[in-house]
Amino acid sequence: MVRITCTGMRGSSLLAGLCFLLSLAGVVAQKTKGTCTHCPQNAFCVNNTHCTCNHGYNSESGEKYFNYPFEICEDIDECKPPISIYCGVNAQCQNIKGSFYCHCISGYKLLSGKARFNDSNENTCQKITPSKTTNSTKEMQQVIKNIESLLTNKTVLEEKRNITTILQKVESDVLKTALETPDQKIQKVQSSTVAVETRVVTDNCSKEAIFSLNTKVNSMKINCNDVIQGNTQGPSAVAFISYSSLGHIIDATFFEEMNEEDQVYLNSQVVSATIGPEKNTSLSQPVTLNFQHIKVKSRVKKICVYWKGTKEGGHWSKDGCALIDTNKTHTICSSTHLSSFAVLMALHGQEEDPALTVITYVGLSLSLLCLLLAALTFLLCKAIQNISTSLHLQLSLCLFLAHLLFLTAFDRTENKVLCAIIAGALHYLYLASFTWMLLEGLHLFLTARNLAVVNYSSVNKFMKWLMFPVGYGVPAVIVAISAASRPHLYGTADRMLTLKATAQLFILGCTWCLGMLQVGPAAQVMAYLFTIINSLQGVFIFLVYCLLSQQVQKWFGEIIKSKSESEAYTLSSRFGPDSKPSEVK
């Protein structure tokens, strides 16, 4: 330590002043921390001779004073043994570098509203009461009951123009109830048919604050500034309401912008979004709405719509609504204004493929010719007339009439009554065709079972009794039930025997399954296979049951031979018995 004496310097004031300054510097150096440059981090120099760790740190060696330049000062965790600072009831200690603080545990807060305190003497942790957030209130529950009574009043709902008035009344009542209890910042109430969430704002919004409101399966996000609308004189509120049954009343038939080719359905709950006390429905930023689908369907068009009130009542409109994102289960919409919203689902009619149209008309035309020839063969060829031939004949007649009606009248949709009749007739004829296919398969099974004993009598007797009532009666019953329940849907040798059975299974049955495979990447290929094979059904029937039948071939040969002999006889009688047909030119 440096010691300075100033005795013997009275004669010189300059030297006396210098002596005083040096003495003062020495005293300060003894009472302040040193400025040694060799002390490690989180340490300071003492008397220019030793280092010591800062408050809240201990040296790794355990020495209080040290001069080893590579010493390390480590943080003391005051919250753990051996110190274990006690912060009091419902509080806990939190260590930080060089120090610590106390804070209330989750669900508790200080009476002062601060987040931290120093020790148990400052502990005022109290349990947080749900005074600002509540799940329900009696007043809001009563509003929900009133809403349910309105939605179940058939007399009121029969007048479609009352819908807009009802929606406005519901929004007004919910907002009024929320604003009357501004201390309850958030209110959530729900019943089996209605769900409500409200949010009250009593002060200015923080920068870019976004409110998220949820009701069962739907949600909404809205900017806080759009809720207060510049209102600084009192509380403002936003309400989000979901109706689980309102969609059955204001369904997709109220959507006036759909194409005639599309089938449109309501595929979400109806929701309402409103703010108050200012009723300005325009927004500085679009509101975001998240809907859960009622039916999970992919590859269909989703349309975001809002309820536009009119003098006549109102209708769904796309104005101001935009689709942000969608998947199988949810759709996210945005809107530049507030109203009631929903998501519509449009099932597009398939675009007509010209090639498939040509294939259909050419194939059905060939089938009509072949079915006509097959029917005449089954009627006129005496050698093949039996139960099996009768089944072929009825199947050919049904398919002939069905194909003929399809080609000539399928697009006659101008007259609704005529369209319904044509649809019913096509339904009946194709059902009858499938029924006769079933009977043919049954007959083949019974015949094959009795083939070993060549016992056809029981089979023939059973089929004669069964085939006409089943072949024409069952389709008639099915069509009658369909028309009565949903009338509006109308308007849109052993080896040779085995070969025939297999051919019939493929030609008359399995090919219709291709219609169910027209999905995914292979849909176009399946559509062509389905169209080609099924439009040529008549050709296959004539080929398998007529041209490949030895009895029919023999009958055709006899007809051709008889015709040739008749022509030869005519020629010989015309030119005399000595004339030769080959000499006539």
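The text that follows walks through the structure, step by step, so that each part is easy to find. Keep in mind the model is a prediction, meaning the values are calculated, not measured. (Residues numbered from 1 in each chain as written. Predicted model: local features only at pLDDT ≥ 70, side-chain atom pairs only at ≥ 80, totals over all residues. Heavy atoms only, no water.)

## Let's talk about the packing of helix H6 (residues 354-380) against helix H11 (residues 523-535)
Our working rule: Each axis is a line fitted through C-alpha atoms, and for a helix only the stretch in contact is used; angles between axes span 0 to 180 degrees, taken between their N-to-C directions. Starting at the N terminus, helices and strands are each numbered in turn, a helix being any DSSP run of H or I of at least four residues and a strand any DSSP run of E of at least two. Throughout this description, any angle smaller than 35 degrees is read as roughly parallel, any larger than 145 degrees as roughly antiparallel, any in the 65 to 115 degree range as roughly perpendicular, and the remainder as oblique. Handedness of a crossing follows from how the near helix is turned relative to the far one, being left-handed for an anticlockwise turn of less than a right angle and right-handed for a clockwise one. What makes two residues a contact is simply this: any of their non-hydrogen atoms within 4.5 Å. In this classification, the charged set is Asp, Glu, Lys and Arg, the nonpolar set is Ala, Val, Leu, Ile, Met, Phe, Trp, Tyr, Cys and Pro, and all remaining amino acids, among them Gly, are polar.
Interhelical geometry of H6 versus H11 gives an angle of 15 degrees and a closest axis separation of 8 Å. One way to sum up the angle between H6 and H11 is to call them roughly parallel. H6 and H11 meet at a crossing whose hand is right-handed. The segment H6 lies against H11, with Ala355, Leu356, Ile359, Thr360, Gly363, Leu364 and Ser367 engaging Ala527, Tyr528, Thr531, Ile532 and Ser535. Within the contact of H6 with H11, the residues separate by chemical class into seven nonpolar, five polar and no charged.

## Points about the nonpolar core
The condition that has to hold: Among buried residues, the Ala, Val, Leu, Ile, Met, Phe, Trp, Tyr and Cys ones that are joined through side-chain atoms within 4.5 Å form a nonpolar core. Burial classes: relative accessible area under 20% of the type maximum marks a residue as buried, over 50% as exposed, and values in between as partly exposed (1.4 Å probe, protein chains only).
Among the nonpolar cores identified, the biggest contains 36 residues, and Ile147, Val174, Tyr243 and Trp316 are the most heavily contacted of them. Of all the secondary-structure elements, those providing two or more residues to this core are helix H2 (138-151), helix H4 (162-180), strand S11 (194-201), strand S14 (236-243), strand S15 (263-266), strand S18 (301-308) and strand S22 (340-347). Here this core takes seven residues from H4, the largest share from any one element. Other than its neighbours up to four places away in sequence, Ile147 contacts Val170, Val174, Val194 and Tyr243. Cys205, Ala209, Val238 and Leu338 belong to the second-largest nonpolar core, a separate cluster that totals 26 residues.

## Looking at the packing of aromatic side chains
What counts is decided by this rule: Between the rings of Phe, Tyr and Trp (Trp by its six-membered ring), a pair exists once the centres lie within 6.5 Å; its type follows the angle of the planes, with under 30 degrees stacked, over 60 edge-to-face, and the other angles tilted. Geometrically, a charge over a ring is one whose NZ (Lys) or CZ (Arg) sits within 6 Å of the ring centre while staying within 35 degrees of the ring normal.
With the rule as written, the count across this model stands at four aromatic pairs. Summarising the aromatic geometry, the rings of Trp307 and Trp316 are spaced 5.2 Å apart at their centres and angled 80 degrees between planes, so their arrangement reads as edge-to-face. The pair formed by Trp307 and Trp316 is uniform in burial state, with each residue classed as buried. Ring plane angle 35 degrees and centroid distance 5.4 Å describe the contact between Trp555 and Phe556, whose orientation is recorded as tilted. The class of Trp555 is buried, set by a relative accessible area of 19%. Connected via pairs of aromatic rings, a cluster forms that spans Phe254, Trp307 and Trp316. Over the ring of Tyr101 we find Arg116; its NZ or CZ atom is 3.9 Å from the centre of that ring. It is Arg199 that lies over the ring of Phe211; its NZ or CZ is 4.9 Å from the centre.

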